[in-house]
Amino acid sequence: MSLLQYEFMQRALLAALLVGMTAPAVGVYLVQRRQAFMGDGIGHVALTGVGLGLLLNGSPVLFAVLTAAAGAIAIELIRERSKVSGDVALSVLFYGGIAGGVMLASQSDSGANLDAYLFGQLTSVSEDDLRVIVVLAVAVLAVTIGLRRPLFTVCQDEEFARVTGLPVRALNLLIAVTAAITVTVAMRVVGLLLVSALMVVPVAIAQQLTRNFALTAAASIGIGVVVSVSGTTLTYYVEAPPGATIVLLAIGLFVVVGIAAAPLNRRRARRAALAAESRTDLDTDGTALGRLPQDDLQVDAAPRPDGGTSASGTMSGTRRAPGAVEKPHVEEEPR
């Protein structure tokens, strides 16, 4: 391919590939926790870090990472401890972050344009930028893949995770910091305003095709890579902004898959409803309760109004030794 003979396109494609992998890898946990818009809040907090870096003549990327991580931790602590809902906390940081970034950047002498950070500037990725992206992307993938089971358990049911002895607060903070790093990794590719779309839309596409959490995560990463690399390649031949092109491709794929998968989702919903009705009838007769496994956490797929499935956990069994808690097996299902 002719575009590979240019070094700037080689760097752009590699950066797009890494961001296409990391953004959905983190996004699948945010979607599981029903915090799909957390990336937006973190992205705007990161803009304050960019403005601070420009004002102090430092590295905007480094300051963005530190500021975004601090903001993500603040969001998680407010969500956990405060009576104010997580949505309100996100809104406050959302507007405060972008206002602080614009104010700080306007006071700097660099004269840098914030558009490159807001909407991405993929073709201007330097070798230094690429090295930073590689290191951060490897760290994010190591966390999201290596700790897949405990992270899924925390996102699925925090109370159950506490019962099994998992460090819930530490894992929640780890998810928040990983999301903040992902936002700054994707800053030069799709921009701070569009990074949340790349974290959520591939996951939404994968959920229409799969029901197992591990398959959903793998499919999300694959879809993210396809739309990121395809969008970057398309901008080489067509005069268009890379970030917007990548996001529009992802949204277009979401619409196509949604239309194609609608009959499959309806059949799944009917089968789930029939299975639930059968279980209810058996429980009424008193014949099914004896077949439920002791000390087991069952995650069953229940039909949603949109034809998809959601996961719900029910723990059964009472035969435990005093003071002892056995760790049940968790079947991974998307919400």
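Since the model is a prediction, treat every value here as computed from it, not as a measurement.

Comments concerning the overall build of the protein chain
Summing up its helical and strand segments, the protein chain has twelve helices and two strands in all. The order of α-helices and β-strands along the protein chain, N terminus first, is α-α-α-α-α-α-α-α-α-α-α-α-β-β. Residues counted as buried form 47% of the 335 residues belonging to the protein chain. For the protein chain, the accessible surface area stands at approximately 15900 Å², while carbon and sulfur atoms represent 63% of it.

Concerning the pattern of salt bridges
Applying the stated criterion across every chain yields a total of four salt bridges. When the shortest N-O distance is used, the salt bridge between Arg11 and Glu7 registers 3.9 Å. With Arg11 and Glu7 both in helix α1 (residues 7-32) and four residues apart, this pair spans about one turn of that helix. A relative accessible area of 18% places Arg11 in the buried class. Exposure remark for Glu7: the relative accessible area of 53% places this residue in the exposed category. Among the salt bridges present, the one from Arg162 reaches Glu158, with a minimum N-O distance of 3.8 Å. Taken together, the residues Arg162 and Glu158, both in helix α8 (residues 158-163) and four residues apart, mark about one turn of the helix. Residue Arg162 is classed as partly exposed on the basis of its relative accessible area of 40%. Shared partners join several salt bridges into a network, and the residues in it are Arg33, Glu158, Glu159 and Arg162.

Structural notes on the confidence of the model for the protein chain
Taken over all residues, the pLDDT of the protein chain has a mean of 76, while the share at 70 or more is 78%. Here residues 287-331 is a poorly scored stretch, pLDDT under 50, and it has 81 contacts once near neighbours within four places are set aside; other chains count.

Some details on the packing of helix α2 (residues 38-55) against helix α9 (residues 168-185)
Where α2 contacts α9, the axes come no closer than 9 Å and their chain directions differ by 65°. When the axes of α2 and α9 are compared, the crossing they make is right-handed. Between α2 and α9, the contacting residues are Met38, Gly39, Ile42, Gly43 and Ala46 on the first element and Ala176, Ala179, Ala180, Val183 and Thr184 on the second. When grouped by side-chain class, the residues that make up the contact of α2 with α9 number seven nonpolar, three polar and no charged.

A short note on the nonpolar core
Membership of the largest hydrophobic core comes to 69 residues, with the highest contact counts inside it found for Ile42, Val50, Leu114 and Met199. A per-element tally of this core places α1 first, with eleven residues. Sequence-distant contacts of Ile42, defined by excluding residues within four places in its chain, comprise Ala68, Ala72, Ile75, Ala176, Ala179, Ala180 and Val183.

Considering empty space enclosed by the protein
The final tally for this structure, using the stated rule, is two cavities of 30 Å³ or more. Of the volumes computed, that of the largest cavity is approximately 60 Å³. Along the walls of the largest cavity sit Val61, Asp129, Val132, Ile133, Leu136, Thr184, Val185 and Arg188, which together make up its complete lining. Those elements giving two or more residues to the lining of the largest cavity turn out to be α6 (127-146) and α9. Considering each element in turn, the lining of the largest cavity owes the most residues, four residues, to α6. Considering only residue class, the lining of the largest cavity consists of five nonpolar, one polar and two charged. Considering only enclosed or pocket space, the second largest cavity measures out at about 40 Å³ in volume. Lining the second largest cavity are Val26, Tyr29, Val143, Thr144, Leu151, Ile175 and Thr178. Of all the secondary structure elements, the ones that give two or more residues to the lining of the second largest cavity are α1, α6 and α9. Considered class by class, the residues forming the lining of the second largest cavity number five nonpolar, two polar and no charged.

Criteria and cut-off values
Residues numbered from 1 in each chain as written. Predicted model: local features only at pLDDT ≥ 70, side-chain atom pairs only at ≥ 80, totals over all residues. Heavy atoms only, no water. Helix = DSSP H or I, 4+ residues; strand = E, 2+ residues; numbered from the N terminus. Buried < 20%, exposed > 50% of the residue type's maximum accessible area, 1.4 Å probe, protein only. Areas by Shrake-Rupley, 256 points an atom, 1.4 Å probe, with all protein chains shown as cover. Salt bridge = Lys/Arg side-chain N within 4 Å of Asp/Glu carboxyl O. pLDDT = per-residue confidence, 0-100. Contact = heavy atoms within 4.5 Å. Axes fitted to C-alpha atoms, helices over the stretch in contact; angles between N-to-C directions. Left-handed = near helix turned anticlockwise from the far one by under 90°. Nonpolar A, V, L, I, M, F, W, Y, C, P; charged D, E, K, R; others polar. Core = buried A, V, L, I, M, F, W, Y, C linked by side-chain atoms within 4.5 Å. 1 Å grid on protein atoms, 1.4 Å probe; cavity = no way out; pocket = protein on both sides within 12 Å on 5 of 7 lines; lining within 4 Å. Points joined across faces, edges and corners; volume = space filled by probe spheres on them.

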